[in-house]
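Residue strings, one per chain:
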Amino acid sequence: MAAARLLKDEATEEKGDRARMASFIGAMAIADLVKTTLGPKGMDKILQSTGRGRNVTVTNDGATILKSLHIDNPAAKVLVDISKVQDDEVGDGTTSVVVLAGELLREAEKLVNQKIHPMTIIAGYRMAAECARNALLLKAKDNKQDPDKFKSDLMKIAMTTLSSKILSQDKEHFAKLAVDAVLRLKGSTNLESIQIIKKAGGSLKDSFLDEGFVLDKKIGIGQPKRIENAKILVANTAMDTDKVKIYGARVRVDSMAKVAEIEGAEKEKMKQKVQKIIAHGINCFVNRQLIYNFPEELFADAGILAIEHADFDGIERLALVTGGEIASTFDNPESVKLGHCKLIEEIMIGEDKLIHFSGVEMGQACTVVLRGASSHVLDEAERSLHDALCVLSQTVNDSRVLLGGGWPEMVMAKEVDELARKTPGKKSHAIEAFSRSLQAIPTIIADNAGLDSAELISQLRAEHHKDTTSAGINIISGGVGDMDKLGVSESFKVKQAVLLSATEAAEMILRVDEIITCAPRKREDRM
Ligand code: ADP
Ligand code: MG
């Protein structure tokens, strides 16, 4: 036995059918896991970490669910990865992509059992995907020329994205909020300039969009509460040495007077530093680190608003939106880039006081203040809003839109079916299987809403046999509905990404005929 082994030590391998089987099972298990969250009536999942604090996340977002799993199956990992990429690239369709890849593999498994070679299946899938993409391209609408129509497209896309999320009750409110925020960006996909602040309390409906930047800090006592034409120095520097605090070095003194002397010297040094900072001609100083009492007093005397201990994300964004740079030395005032804004003032959100910077240099910057009953609600609201913002910013650049509610899948399935009929040879089985996998998406959306999916899909298929149709699943009435009238739209870019990455992932897993697990490298015993 041992002589036949090629691999060293504890490395293991699985070959041929067994390896393929393990991949199929792993991938389908992942797809089944997120399947129930698909669509507007999809369920949520509770994720509980085993670490300290046993953090709980309640979510409906495919990528978030999959990201938090620890998985041992290599094929399952491929699916988790495409979901992540989908999230980063286009922001939405994270569940769809995994479900579609899972269905493609489920169909492939059946074909493999009928003795069709994986390479034949891959060739068929490739042809089918190409054909499906062309079908979508033909049907996509572009309203970029007409600003009003385009804005209404954006509203519809935002509402469709939000309809499967926690924000669905207030989806109009949030869709408007997201569209306004994205239109401010004027075509940039840099979501950095949209700040999201979460404040527990109130209800989701109380969330609002505000221009400018909000820093979650209070203005100290004795400091100016309102500054016009602010010149801001954003810094990351130590301002906490008004007491002796020497580590790693020892100072020997023979009387308390000596200590006071050293303290005095420290104080004098700090005073000089503050004066250097004031010499920049600023009226607001924001520091990432603590500012102790003594320097704070000095700043207050000079009429400068000093904000201490801003979080890192906070100061980076503040520097970005006010057009400044983070400074840490103050010897050359000319080389420090100050930030500017029209007005700094204290505002109240719920019970909390925060600092608002308005009229900032970077005009497109804005802040979304989310309100909600608990931190779990707020976290999920943030994720949902982020999805919407991401999809919208992508759609501003690529303004082609499609209808939703299973419409794109049915359109693709019909064309792919026709291709199957024209294609000779075994490949046609694979192409047919591709069409069935596409139809699984509307089937699952209907199933999740508790509808009779078999009946609905056959009706849909009949509708889609006509040349032009906008038929999809009407979740509310539980029948076939006109997606155009219902205003269910989706971005072309998202659907295309779902199609292409799901096919690629399925292909990659199908190519596997051997799984080799490497043995962990042993730590060598060192004396
Ligand atoms: P994903 O993470 O893939 O975006 P979702 O749970 O957001 O998954 O579900 C998206 C699917 O739900 C899309 O296929 C979309 O067309 C469909 N959908 C969204 N809103 C509606 C609606 N109001 N009626 C029917 N289908 C909808
Ligand atoms: Mg979605």
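In the annotation of an unreviewed UniProt entry, the protein is listed under the name T-complex protein 1 subunit beta and assigned to Musa troglodytarum. Here is the UniProt Function (unreviewed entry) comment for the protein, exactly as written: "Molecular chaperone; assists the folding of proteins upon ATP hydrolysis. Known to play a role, in vitro, in the folding of actin and tubulin."

**Student:** For the site of ligand 1, give the residues involved together with the corresponding values.
**Tutor:** Taken together, 20 residues are adjacent to ligand 1, and Asp-92, Ser-96, Ser-164, Gly-405 and Glu-490 come closest. In the model, an oxygen atom of ligand 1 is placed 2.7 Å from a nitrogen or oxygen of the Asp-92 side chain. Protein burial of ligand 1: of its 570 Å² of free accessible surface, 94% is covered by the chains. Sorting the residues of the shell around ligand 1 by element identifies helix H4 (94-113) and helix H6 (147-163) as the ones contributing at least two each. For the shell around ligand 1, the element with the most residues is H4, which contributes three residues. Counted by class, the shell around ligand 1 contains six nonpolar, eleven polar and three charged residues.

**Student:** A description of the side chain of Ser-453 should follow, citing residues and the corresponding values.
**Tutor:** Positionally, Ser-453 belongs in helix H14 (residues 453-463). Residue classification places Ser-453 among the buried residues on the basis of a relative accessible area of 12%. Apart from the residues within four sequence positions on either side, Ser-453 is in contact with Thr-443, Ala-446 and Asp-447.

**Student:** Just give me the short version of the sheet that holds strand E6 (residues 208-211), but keep the residues and values in it.
**Tutor:** Pairing is mixed across the open sheet formed by three strands, whose spatial order is E5-E13-E6. Looking at which strands have only one partner, the edges of the open sheet turn out to be strand E5 (194-200) and E6. Across the sheet, the mean angle separating the axes of adjacent strands is 25° when strand polarity is ignored. Relative to strand E13 (residues 366-372), E5 runs parallel, the two being bridged by seven bridges. For Ile-196, the partnering residue across the bridge sits in E13 and is Val-368. Across the face of the sheet, helix H7 (residues 171-184) comes into contact with E5, E6 and E13 while running at roughly 20° to E6.

**Student:** Describe the packing of aromatic side chains, and please don't skip the residues or the numbers.
**Tutor:** The final tally for this structure, using the stated rule, is two aromatic pairs. A centroid spacing of 5.5 Å and a plane angle of 70° characterise the contact between Tyr-125 and Phe-434, whose relative ring orientation is edge-to-face. Of this pair, Tyr-125 sits in helix H5 (residues 118-139) while Phe-434 sits in helix H13 (residues 427-448), and the two are 309 residues apart along the sequence. The class of Tyr-125 is buried, set by a relative accessible area of 2%. Each ring, one from Phe-213 and one from Phe-357, has its centre 6.0 Å from the other, and the planes form 65°; the classification is edge-to-face. With Phe-213 in strand E7 (residues 213-215) and Phe-357 in strand E12 (residues 352-360), the pair connects residues that are 144 residues apart, well separated along the chain. Summarising the burial analysis for this pair, Phe-213 and Phe-357 share the class buried.

**Student:** Give a description of the sheet that holds strand E17 (residues 489-491) that names residues and reports values.
**Tutor:** As summarised here, the arrangement of the three strands in space is E4-E14-E17, forming an open sheet in which the pairing is antiparallel. Taken across any chain shown, the strands that pair with only one partner, and hence form the sheet edges, are strand E4 (141-142) and E17. Relative to E17, H6 is tilted by about 95°, and along the sheet it contacts strand E14 (400-403) and E17.

**Student:** Describe in detail helix H1 (residues 16-35), supporting the description with residues and values.
**Tutor:** Along its 20 residues, H1 runs 28 Å from first to last C-alpha, staying within 8% of the 28 Å computed at 1.5 Å per residue. Listed as buried for H1 are Ala-19, Arg-20, Ser-23, Phe-24, Gly-26, Ala-27, Met-28, Ile-30, Ala-31 and Val-34.

**Student:** Lay out the pattern of salt bridges with the relevant residues and their values.
**Tutor:** As enumerated under the stated definition, the model contains 23 salt bridges in all. Glu-382 is the partner of Lys-198 in a salt bridge, and the nearest nitrogen-oxygen pair spans 2.8 Å. Residue Lys-198 is located in strand E5, and its partner Glu-382 is located in helix H11 (residues 375-397); the two are separated by 184 residues in the primary sequence. Given the relative accessible area of 25%, Glu-382 is considered partly exposed. For Glu-409, the salt bridge goes to Lys-495, with nearest N and O atoms at 2.7 Å.

**Student:** I'd like a description of the side chain of Thr-94, backed by residues and values.
**Tutor:** In this structure, Thr-94 sits in helix H4. Among the polar contacts listed, one links the side chain of Thr-94 to the side chain of Asp-61, at a separation of 3.4 Å. When sequence neighbours within four positions are dropped, the list of residues in contact with Thr-94 reads Asp-61, Gly-62, Ala-63, Ser-83, Gln-86 and Asp-87.

Here is what the cut-offs are and how they apply
Residues numbered from 1 in each chain as written. Chains lettered and ligands numbered in written order. Predicted model: local features only at pLDDT ≥ 70, side-chain atom pairs only at ≥ 80, totals over all residues. Heavy atoms only, no water. UniProt positions renumbered as here; feature names shortened; annotations may be inferred. Near = heavy atom within 4 Å. Polar contact = N/O pair within 3.5 Å; in protein donor to acceptor, adjacent residues only side chain to side chain. Areas by Shrake-Rupley, 256 points an atom, 1.4 Å probe, with all protein chains shown as cover. Helix = DSSP H or I, 4+ residues; strand = E, 2+ residues; numbered from the N terminus. Nonpolar A, V, L, I, M, F, W, Y, C, P; charged D, E, K, R; others polar. Buried < 20%, exposed > 50% of the residue type's maximum accessible area, 1.4 Å probe, protein only. Contact = heavy atoms within 4.5 Å. Pairing = 2+ DSSP bridges. Axes fitted to C-alpha atoms, helices over the stretch in contact; angles between N-to-C directions. Phe/Tyr/Trp six-rings, centres within 6.5 Å; stacked < 30°, edge-to-face > 60°. Expected span 1.5 Å × (residues − 1). Salt bridge = Lys/Arg side-chain N within 4 Å of Asp/Glu carboxyl O.

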